[in-house]
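Working through the structure, step by step
These are the residues of each chain, in order.
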Amino acid sequence: MVLRIAIGGAVVLIGLALGGARLWWLARLIRSGSPAPGRTKGALRRSWAELAEVLGQRKLLRRRQSGIPHALTFWGFIILLFTVIEAFGDVFSSKRFAIPGIGHSPVLGFLEDLFAVVVLLAVISFVVIRLVDSPARRERRSRFYGSHTGAAWVTLTLIALVMITLLGYRAAQTNTGDFPYGSWAFASHAIGGWLAPLGRGTNSVIETTLLLCNVAVIMGFLVFVTYSKHLHIFLAPMNVGLSRRPRALGALEVTDGGSGARTIEQLSWKHLLDFATCTECGRCQAACPAWNTNKPLSPKLLVMGLRDHLFTSAPRLLAAGHGASRGSALTSSNGASSAEGKVVGQSRGSSDAPAAPALVPDVISPDVIWACTTCGACVEQCPVDIEHVDTIVDIRRGLVNDGKMEASVQQVLENIAQQGNSFGKSGRMRARWVRELGFPVKDARKEPVRYLWFVGDFASFDERILELSRTLAHVLHDADVDFGLLYEGERNAGNDVRRIGEEGLFEMLVEHNMSTLNGAQFESIFTTDPHSLNTLRNEYPAYGLDKPVLHYSQLLQELLESTAITVKPLGTRVTYHDPCYLARHNRITEAPRKVLHALGCELVEMPRHGLNTFCCGAGGGRIWMSDDPALGERPSENRIREAVALGVDTFVVACPKDFAMYSDAVKTTGHEPDLRVVDLVELVATALETATLAAVSGS
Amino acid sequence: MRILVLMRQLPDLVEELEISSEGTDIDRELVKFVMNEFDDQALEEALLLKESSGAEVVVVALDEPDVDQALYTAIAKGADRAVKLTGVSNERWMSTHERAAILAPYVEESAADLVLTGVQAADDLDGQLAGVLAGLLGLPHAAVVVGVELKDSTVLVTQELGGGRSVDEEIDLPAVLGLQAARQAPRYAPISKIRQVTQAGGIEEVAAHTPPEASATAISLRRLYVPERSGHAEMLEGTPGEVAERIAEILRSRGLVKG
Ligand code: SF4
Ligand code: SF4
């Protein structure tokens, strides 16, 4: 007994010391980050997130195969906490230790046994998953590519050992008379049956040995956890609780006035917590359009790379004190900006600390940072609510503020700053497409309208797409919808500008658009472009916009449902591509589907649809960046192949950028003859024409 | 070392320009003005020289429409000072000679070691500004410059001669250069920086010396008009031999070739 206490005590103390030191170190490291305001607001929402995502394992369960075993393991560990308490009681107190208040209820005995077995089975399924999706064989296609697989195997082994020693000592106890549970503890009794022939003495030795082993493995596991990616056991509940709510999509986070992060010091503590929390599960990587089309960016590898950098920077970060001073050591190769440094972009302070390496290019290659489409698939997938897009854009801001970007992006930013549109055309030409309509369109700046149509650059200037704008205008006009435009008062809404990282230009655009909007009379806004919709709906309210913002698909849905427009069924088999900024960022997935339904189209879904939609590759300013053809297919081409495999001949889009991207992609993939790219409004117009024709011929 | 960059504002050509009712100028009411893109090249080269040699960069412009924005942008990019020469009418087009005459006294007073400007502008397609200015000041000059390297009292310039040839030469300072292209594309000035700079103010306003009375070379403008369509195209058909025969005939009949 004394020996038990001595060995057990030593193991526990060493474990607590090692694990505690590591956790303390981590806490100080994360607290050294820049401020991230508003992370505790909305306690109710946050508590609900904890319940749904941590206890309910909501996001993990989206991937059934690995989600179910993970949820069972998680719940198993909660139940098995009781066995841990009992084991410690057994070691340090008495052999028939019972948890006060619960005692040795047969139900507890049953649950403990059940989950010990269930977790063992779960471990087996994890082994199978890891073998089937082995990165050694499947390379980039494996979601574990680049993860620390060694640590994962150690973890699985430790979990298995916890369960084996647990069941072992409990089984031995059934033979020594120390086991407090009856036949409900079915597994312990069954194994005990096999151990019984060894005799009571041997069983007693087995009991003590395995009990101590159990405590040792548990402590070893805890220490190992704090030094590995399994840290998420402790950090995930925190990270989920401190994440942006309802989700880190829609509006972008802007910290420190948008001056951007050039060094790890300038990233917010929440992002540092993100890095430390990552489980390396690769769900983000598997969904990422950049990674899936051979770009250098994997959101997982980015987070892991930043975590490694965080840990190796620890001496510098901790020497600088508890987040008090943030050495900003502007590592700018641009002499102009360092010369201007005194005046500009230095709000994060500076210190004499050793120069911090630049995040780009010392830690991350610029290609990685620029490959992101800000589609949000990673954020949507991440089971521990890591906010990749916010981190990526904050790093981009640092680059843009130092003038480091692709020439084509610089040109577009200059166009937008000068002319207010990405096309570099005269801002006064913005509403020229209206001239050919054959009916006047109201100017919302001059007379009140019910709907203000925020058209956006592509739908105003791109030859192919302004044809679609005219179609929509005709449909609305025929349905007697009271709508108007801002004409040349409209400027690029700034969604992509902000995601490129040009926060100053974004603010300038918002100020301009808000002053025009404030001078116009309307009840609600609708947009053609989901990107404009996103910023108007989620970001403009911070600048005073207080009107509802709809997408034209929602307006079409309303018109069809209220029979303001009547159509004849088309009967076409179609598939529909959810735009990232409509579906994922704004949860609008039903409206376009209802429109298709009302048109009598048979909708065949692509495997990746709704919130799991696959990006066309245009977002986040990517539409203005060059794609290296040597890297293989583009995201849009990947998507077209997905659609072609369904055997439909019509690919429906509801976003001008999608129309442009996919019209090109059907050509480059050679699928132009068998897949037609159409906009939702074209289908509505066709169905209308059919209806009108039918009415004419019927009369 | 002080480098002066002379900048010009031009109507933004993405706009549709219209002729004013007097018929001798474009309608300046609605037009937006932007910096001459070649002057942006000159500014970039100056900033690169500043980075390598620590020179002071001063941008100088006449008080033309939307000029403040161009000057603040230059400061945001790294220019040390911005000077606006005021007191000159900015409501009409100004000939390059007139412009040079206004700039010359300021350039002289400023004790600049090197003067850079764009090789040409939309209203100075034959690129006279640098040359005329140098002439007025009695300074050496080079045009179509694509490379500048500072020495102690000289500057090494690479000048494009056309036909794929270029020449390197060493010119005494001070000198006036017309820049065709900087060594790298003009840098980006983030809007937040431009706005901060704008808020801080800092454009120096200097009264321009009134130019001497219209000199003999001054141009008087009678009429400005959109190029009128004249003549027509004739499609030549037939075998290559016949077509060649026909071309030769046309050239002969216009007296463009002999025989
Ligand atoms: S936002 Fe999209 S493109 Fe960017 S890292 Fe995440 S999944 Fe990849
Ligand atoms: S970032 Fe999230 S989804 Fe990606 S590997 Fe880490 S935990 Fe998994």
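About the criteria used
- Residues numbered from 1 in each chain as written.
- Chains lettered and ligands numbered in written order.
- Predicted model: local features only at pLDDT ≥ 70, side-chain atom pairs only at ≥ 80, totals over all residues.
- Heavy atoms only, no water.
- Helix = DSSP H or I, 4+ residues; strand = E, 2+ residues; numbered from the N terminus.
- Contact = heavy atoms within 4.5 Å.
- Areas by Shrake-Rupley, 256 points an atom, 1.4 Å probe, with all protein chains shown as cover.
- Near = heavy atom within 4 Å.
- Nonpolar A, V, L, I, M, F, W, Y, C, P; charged D, E, K, R; others polar.
- Pairing = 2+ DSSP bridges.
- Axes fitted to C-alpha atoms, helices over the stretch in contact; angles between N-to-C directions.
- Parallel < 35°, antiparallel > 145°, perpendicular 65-115°, else oblique.
- Left-handed = near helix turned anticlockwise from the far one by under 90°.
- Buried area = accessible area lost by both parts, 1.4 Å probe.
- Salt bridge = Lys/Arg side-chain N within 4 Å of Asp/Glu carboxyl O.
- Polar contact = N/O pair within 3.5 Å; in protein donor to acceptor, adjacent residues only side chain to side chain.
- Phe/Tyr/Trp six-rings, centres within 6.5 Å; stacked < 30°, edge-to-face > 60°.
- Buried < 20%, exposed > 50% of the residue type's maximum accessible area, 1.4 Å probe, protein only.
- Core = buried A, V, L, I, M, F, W, Y, C linked by side-chain atoms within 4.5 Å.
- Domains from an automatic or database assignment.
- Patch = residues over 30% accessible without salt bridge, like charges linked within 9 Å, V, L, I, M, F, W, Y side chains within 5 Å.

1. A word on the overall build of chain B
Looking only at helices and strands, one finds six helices and 11 strands in chain B. Based on the C-alpha atoms only, the size of chain B along its principal axes is roughly 70 × 50 × 40 Å. In chain B, 70% of the contacts between residues at least 6 apart in sequence involve partners at least 24 apart. Of the accessible surface of chain B, which amounts to about 13700 Å², a share of 50% is contributed by carbon and sulfur atoms.

2. Regarding the site of ligand 2
Around ligand 2 sit 13 residues in total, of which A:C278, A:C281, A:G282, A:C284 and A:C382 are the nearest. Considering only residue class, the shell around ligand 2 consists of seven nonpolar, three polar and three charged.

3. Let's talk about the sheet that holds strand β6 (residues 573–576) of chain A
The strands making up a sheet are joined through hydrogen bonds of the backbone, oriented either antiparallel or parallel. All names here are of chain A. If you walk across this open sheet you meet the four strands as β7-β6-β8-β9, and the pairing is parallel. Pairing within the sheet leaves two strands with one partner each, and these edge strands are β7 (602–603) and β9 (676–679). Where strand β8 (residues 650–653) meets β9, four bridges bridge the pair, whose relative direction is parallel. Residue V653 lies in a different strand from β9, and its bridge partner there is D679. The sheet strands contacting helix α28 (residues 590–598) are β6, β7 and β8, and the helix crosses β6 at an angle near 170°.

4. Some points on the site of ligand 1
As a matter of local geometry, ligand 1 sits amid A:C288, A:P289, A:L297, A:P299, A:C372, A:T373, A:T374, A:C375, A:G376, A:A377, A:C378 and A:V389. For the shell around ligand 1, a count of residues per class yields nine nonpolar, three polar and no charged.

5. Here we look at the packing of helix α3 (residues 64–92) of chain A against helix α8 (residues 200–226) of chain A
Residue and element names in this part refer to chain A. For the pair α3 and α8, the least separation of the axes is 10 Å and the interaxial angle reads 125°. Here α8 runs oblique to α3, going by the angle between their axes. As for the relative orientation of α3 and α8, their crossing is left-handed in sense. On α8, the residues that touch F77, V84, A87, F88, D90 and V91 of α3 are L211, L212, N214, V215, I218, M219 and F221. Classifying every residue of the contact of α3 with α8 by side-chain character gives 11 nonpolar, one polar and one charged.

6. Points about the interface of chain A and chain B
With 31 residues of chain A at the contact, the number on the chain B side is 23 residues. Buried area between chain A and chain B, summed over both chains or domains, comes out near 2100 Å², and the portion from carbon and sulfur atoms is 47%. If you look at where chain A meets chain B, you find three salt bridges. Across the pair A:R428 and B:E15 runs a salt bridge whose closest N-O atoms are separated by 2.9 Å. The tally of links from chain A across to chain B stands at 11 residue pairs in polar contact (both at pLDDT 80 or more). Mapped by element, the contributors of at least two residues to the side of chain A that touches chain B are α15 (335–340), α19 (388–401), α20 (407–419) and α24 (503–518) of chain A. Among the elements that line the side of chain A that touches chain B, the one with the most residues is α20(A), at six residues. Class assignment for the residues of the side of chain A that touches chain B results in 11 nonpolar, 12 polar and eight charged.

7. Overview of the packing of aromatic side chains
All names here are of chain A. This model, assessed by the stated rule, comprises 15 aromatic pairs over all chains. Residues F179 and Y181 carry aromatic rings whose centres are separated by 5.6 Å and whose planes lie at 65° to one another, so their mutual orientation is edge-to-face. Each member of the pair F179 and Y181 is classed as buried. Judged by centre distance (5.4 Å) and plane angle (25°), the ring pair of W453 and F526 falls under stacked.

8. Section: the nonpolar core
Counting residues in hydrophobic clusters, the biggest one holds 179 residues, and the most contacted among them are A:F526, B:L114 and B:L177. Membership of the second largest hydrophobic core comes to 28 residues, among which are A:V119, A:F126, A:L212 and A:F221.

9. Topic: the domain arrangement of chain A
Where interface size is given, it is often the accessible area lost as the parts come together that is meant. You can read the domains of chain A as domain 1 (2–21 + 63–227), domain 2 (248–404), domain 3 (419–558) and domain 4 (564–698). Inter-centroid distance (C-alpha atoms) of domain 1 of chain A to domain 3 of chain A is 60 Å.

10. Considerations on the environment of B:V31
Residue and element names in this part refer to chain B. Within the element layout of this structure, V31 appears in the loop between β2 (9–11) and β3 (33–35). Measuring from C-alpha to C-alpha, the distance between V31 and E18 comes to 8.9 Å, with 13 residues separating the pair along the chain. Residue contacts for V31: discarding those within four places in its chain leaves P11, D12 and L17.

11. Side note on the environment of A:Q557
Residues and elements named next belong to chain A. The topology assignment puts Q557 in helix α26 (residues 552–561). Overall, the relative accessible area of 15% leaves Q557 in the buried class. As a C-alpha pair, Q557 and V481 span 76 residues in sequence and 13 Å in three-dimensional space. Leaving out residues up to four positions away in the same chain, Q557 has contacts with A591, K594 and V595.

12. Description of the sheet that holds strand β1 (residues 2–7) of chain B
Residues and elements named next belong to chain B. Spatial ordering of the open sheet is given by β9-β8-β7-β10-β6-β1-β4-β5-β11, a layout of nine strands whose pairing is mixed. Looking along the sheet, the strands with just one partner apiece sit at the ends: β9 (165–172) and β11 (203–207). Each adjacent strand pair in this sheet contributes to an overall mean axis angle of 35°, direction not counted. Summarising the sheet, β1 and strand β6 (residues 114–118) pair through four bridges and their orientation is parallel. Paired with L4 across the bridge in β6 is V115. Along the sheet, helix α1 (residues 37–53) makes contact with β1, β4 (56–62), β6, β7 (141–150) and β10 (175–179), crossing β6 at roughly 145°.

13. A short note on a nonpolar patch on the surface
Residues and elements named next belong to chain A. Side chains of W48, L51, L55, W75 and I78 sit close together on the surface and give an oily, nonpolar patch of about 500 Å² of accessible area. At the level of secondary structure, the elements contributing two or more residues to the nonpolar patch comprise α2 (43–55) and α3. Per-element accounting of the nonpolar patch gives the leading share, three residues, to α2. For I78, a relative accessible area of 35% corresponds to the partly exposed category.

14. Digging into the pattern of salt bridges
Residue and element names in this part refer to chain B. This structure, assessed with the given rule, holds 68 salt bridges over all chains. Note that K50 is salt-bridged to D80, the shortest N-O span being 3.0 Å. Of this pair, K50 sits in helix α1 while D80 sits in the loop between α2 (67–77) and β5 (81–86); the two residues are 30 residues apart in sequence, bridging distant segments of the chain. Take D80: its relative accessible area is 38%, and that puts it in the partly exposed class. Notably, a salt bridge pairs K84 with E205, separated by 3.6 Å at the nearest N-O pair. Of the two residues, K84 sits in strand β5 while E205 sits in strand β11, which places them 121 residues apart along the sequence.

15. Details of the pairing of β6(A)
Residues and elements named next belong to chain A. Bridging between β6 and β7 involves two bridges; their strand directions are parallel. Looking across to β7, one finds that V574 is bridged to L603. Examined bridge by bridge, β6 and β8 share three bridges and lie parallel to one another. Bridge pairing in β8 links V574 to T650.

16. Section: the side chain of A:T669
All names here are of chain A. Within the secondary structure, T669 sits in the loop between α30 (656–668) and β9. With a relative accessible area of 15%, T669 lands in the buried category. A polar contact is formed between the side chain of T669 and the backbone oxygen of A665, at a distance of 2.6 Å. Within polar-contact distance, the side chain of T669 engages the backbone oxygen of V666 at 3.4 Å.

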